[in-house]
Amino acid sequence: MERNESVDEDVQASAYLENDEIRERDDPMSDGGCTLRIGEEALVCSSGHEIDVEFCQNEQRKSEEEETRGEFDEQSGLLVERKEFEAPAVGMEFESYDDAYNYYNCYATEVGFRVRVKNSWFKRSSKEKYGAVLCCSSQGFKRINDVNRVRKETRTGCPAMIRMRQVDSKRWRVVEVILDHNHLLGCKLYKSVKRTGTKRKCVSSPVSDAKTIKLYRAHVIDNGNNVNPDSTLNKKSQNSAGSPDLLSLKRGDSAAIYNYFCRMQLTNPNFFYLMDVNDEGQLRNVFWADAFSKVSCSYFGDVIFIDNSYISGKFEIPLVTFTGVNHHGQTTLLSCGLLAGETVESYHWLLKVWLGVMKCSPQTIVTDRCKPLEAAISQVFPRSHHKFSLTHIMRKIPEKLGGLHNYDGVRKAFTKAVYETLKVVEFEAAWGYMVHNFGVIDNEWLRSLYEERTKWAPVYLKDTFFAGIAAAHPGKTLNPFFERYVHKQTPLKEFLDKYELALQKKHREETLSDLESLTLNTAELKTKCSFETQLSRIYTKDMFKKFQVEVEEMYSCFSTTQVHVDGPFVIFLVKERVQGESNRREIRDFEVLYNRSVGEVRCICSCFNFYGYLCRHALCVLNFNGVEEIPLRYILPRWRKDYKRLHFADNGLTGFVDGTDRVQWFDQLYKNALQVVEEGAVSLDHYKVAMQVLQESLDKVHSVEEKQD
């Protein structure tokens, strides 16, 4: 039995509406789509094609005044009123097949060609139509039959057509459009060919007109004049181009975004997007997340990085990305947004939508220094730890300090204060030396950094968990997710193509890492340390390699001494040979606190909070006290090779399932199927069994639909 590939986006919108601060505005003409509002901001969601109810009604009245034309019928001698029909576009939806056919037929009459049905598809069991292609009557060529009289060829192989299919909401959606004809179009066919028994007519009643406007007039308008040049909206758009409250788009960008989202929803079942538009239908902000990103967020949404460097860096596309770190230590995309500008309102809208859609309140949020974003985070995520990215700060040193005559000295002193201090008093002393010795105490950028030092300097961040997103050591940088795919002049349309390529590459990297982790063997061990053997069986290969470095470097720590005892608490001093300036070997002291009663260990370098695994100094103290295995509290589940399976077992929907929440159904099915995929990729035998099980499951699902039909 044939299956629908699309999901009911109304359900996704309803899931979004679960947020208490978001309310739905009723439309007397509503047919199941919805316009969402946060405060007074109009939103176009994945389930709706309306911009704003009041706006649509106003435009309907304008269209009745402006678009109604008088045409003279030569036969009757009467003035006939007609409506101008907008060209079909991907994403249009209609209540029924007849409505869609009637619309295209009216559009064809307006343009000057006739329509015929090229193909139709029906379900095997119920014979219900679920897909169709409507084309120009000049499409294709007639077959030449051996007859006495051959009619003159009238077809030209015209490519003009629309392809549509029925979605789960039982509406009919346009999924492909070709507008170009390869022949001359006749005079606009305001007169239809009179045929007895014609089933469909180009209706022009007030009710049908209002319905047609609702279905296909509500498109988001480009802020770059991508509207009808004669319309009032175009004049408003021209006046507001370049406004900080509007998304900076070029001609055709809005259509490209919308078409891309429609295509993604057809191919990516749990894809979600939301558009923020003003009362004139002009686009302000956009948010989207695919199924993979939403599932990744449920796994790795505890620590996120919000990258707004594309906006602050004046890139062609005003992109904002939400990223996290997966169980391999790789960057994973959680969602994306396009913003009108760096304002508190835009960031607040984006974060509020992210919270409502992803259902995730991060433990730690890392961003670049940005006052509007900082204010928005404090409003939406008041309990999260918001810190600044040290990587971005270090990258700005040449720009901010490059003009100083003693730049090299300031840069070295800055780096030493940041990376080589372990205590607050040491950082304060090193900073004071830098600003006084090099005469930069009045430098505005350095002064602002010092005022916010508790948000970015490693000595102040030791109690915050970062999972590797914050770099506490030089050389460990945080790169943008689309670093190799987007440059300053990359246009939006090109980015949408590269977006899919980037995601495919990242997904492939994660899949390959999963497979490599399953085949990790003892031959890759480099020491006889029990800690190394222990985590080689538990962690993913990439994370084990990072921890393995700490095990190897235990041998650079040549002294572990007990210096203070207070009941069960013992302070140890671990000496390590490190590489200093000019590649000279230096000896540094690291204090490690150890609680013998509960097996708690904490090093002053705070490697565990920064990167998620114990450092060489803590391992030396455990080894000194005869501990042969790392305590479970220091084996984070997020680095385990079976983390996704364990996470689902702990958080899976094994109890009550909402009988109306299709998003919940999808999430649970997706995560269960993911377990089969991961286990099935272990070997060829596993693969064959997994494929057989999946096929049997699919057959059973099909049988349910056949019984219902």
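Let me sum up the structure you'll find in this document. Values in this document were obtained by computation on a predicted structure and should not be read as measured data.

The rules behind these values
Residues numbered from 1 in each chain as written. Predicted model: local features only at pLDDT ≥ 70, side-chain atom pairs only at ≥ 80, totals over all residues. Heavy atoms only, no water. Buried < 20%, exposed > 50% of the residue type's maximum accessible area, 1.4 Å probe, protein only. Helix = DSSP H or I, 4+ residues; strand = E, 2+ residues; numbered from the N terminus. Pairing = 2+ DSSP bridges. Axes fitted to C-alpha atoms, helices over the stretch in contact; angles between N-to-C directions. Parallel < 35°, antiparallel > 145°, perpendicular 65-115°, else oblique. Contact = heavy atoms within 4.5 Å. Patch = residues over 30% accessible without salt bridge, like charges linked within 9 Å, V, L, I, M, F, W, Y side chains within 5 Å. Areas by Shrake-Rupley, 256 points an atom, 1.4 Å probe, with all protein chains shown as cover. Salt bridge = Lys/Arg side-chain N within 4 Å of Asp/Glu carboxyl O. Phe/Tyr/Trp six-rings, centres within 6.5 Å; stacked < 30°, edge-to-face > 60°. Lys NZ or Arg CZ within 6 Å of the ring centre and 35° of its normal. Core = buried A, V, L, I, M, F, W, Y, C linked by side-chain atoms within 4.5 Å.

## Some thoughts on the pairing of strand 11 (residues 272-277)
Across the six residues that make up strand 11, a large majority, six, are buried. The alternating pattern of strand 11 places Phe272, Leu274 and Asp276 and Tyr273, Met275 and Val277 on opposite faces, both of which are buried. Looking at chain direction, strand 11 and strand 12 (residues 283-289) are connected through six bridges and run antiparallel. Of the residues in strand 12, the one forming a bridge with aspartate 276 is asparagine 285. Taking the residues that link successive antiparallel strands as the turn, the strand 11-strand 12 hairpin has five residues, and the phi of glycine 281 there is positive, at about 80 degrees.

## Considering the packing of helix 7 (residues 291-300) against helix 9 (residues 344-358)
At a minimum axis separation of 11 Å, helix 7 and helix 9 run at an interaxial angle of 85 degrees. On the basis of the axis angle, helix 7 is roughly perpendicular to helix 9. Contacts between helix 7 and helix 9 involve Ser293, Lys294 and Cys297 from the former and Trp354, Val357 and Met358 from the latter.

## Some remarks on the sheet that holds strand 8 (residues 129-136)
Pairing is antiparallel in the open sheet, where five strands are placed in the order 6-10-9-8-7. Across the chains shown, the open sheet's two edge strands, defined by having one partner strand only, are strand 6 (93-94) and strand 7 (115-122). Across six bridges, strand 9 (residues 161-166) lies against strand 10 (residues 172-178) in antiparallel orientation. Residue pairing across strands places isoleucine 162 opposite valine 177, the latter belonging to strand 10.

## Observations concerning a nonpolar patch on the surface
Together, Leu684, Tyr687, Met691 and Leu694 make up a nonpolar patch on the protein surface, roughly 400 Å² of accessible area in all. Mapping methionine 691 onto the fold places it in helix 23 (residues 684-708). Its relative accessible area of 43% is what places methionine 691 among the partly exposed residues.

## Some remarks on the packing of aromatic side chains
If you walk through the whole model with that rule in mind, you get 36 aromatic pairs. Aromatic pair tyrosine 260 and phenylalanine 261: ring centres 6.1 Å apart, planes at 55 degrees, arrangement tilted. When sorted by exposure, tyrosine 260 lands in the same class as phenylalanine 261, which is buried. Taken together, the ring pairs in this structure connect Tyr260, Phe261, Phe271, Tyr273, Trp288, Phe481, Phe482, Phe495 and Tyr499 into an aromatic cluster. Geometry around tyrosine 97 places lysine 129 over its ring, the cationic atom sitting 3.8 Å from the centre. Taking NZ or CZ as reference, lysine 506 lies 5.3 Å from the ring centre of phenylalanine 481, over its face.

## Some remarks on the pattern of salt bridges
Across all of its chains, the model carries 26 salt bridges by this definition. Between glutamate 95 and arginine 171 there is a salt bridge, with the nearest N and O atoms lying 3.9 Å from each other. Here the residue glutamate 95 occupies a position in the loop between strand 6 and helix 3 (97-111), and arginine 171 occupies one in the loop between strand 9 and strand 10, the gap between them amounting to 76 residues. The partly exposed category is assigned to glutamate 95, whose relative accessible area is 31%. Here glutamate 552 ties to lysine 526 by a salt bridge, and the two come within 4.0 Å at their closest N and O atoms. Linking glutamate 552 in helix 18 (residues 541-552) with lysine 526 in the loop between helix 16 (492-518) and helix 17 (530-536), this pair joins segments that are 26 residues apart in sequence. Judged by its relative accessible area of 52%, lysine 526 is exposed. Via salt bridges that share partners, Glu93, Glu95, Arg171 and Arg173 belong to a single interconnected network.

## Considerations on the nonpolar core
Looking at soluble globular proteins, one finds that nonpolar side chains tend to be buried together. Core analysis: the largest hydrophobic core is formed by 50 residues, its most contacted members being Leu535, Tyr539, Phe547, Val601, Leu614, Leu619 and Ile630. Contributing elements (two or more residues each) for this core: strand 13 (303-307), helix 17, helix 18, strand 19 (569-579), strand 20 (585-595), strand 21 (600-603), helix 19 (607-611) and helix 20 (616-624). The biggest single contributor to this core is helix 20, with five residues. With sequence-adjacent residues up to four places away left out, valine 601 is seen in contact with Val592, Leu593, Tyr594, Leu614, Ala618, Val621, Leu622 and Tyr634.

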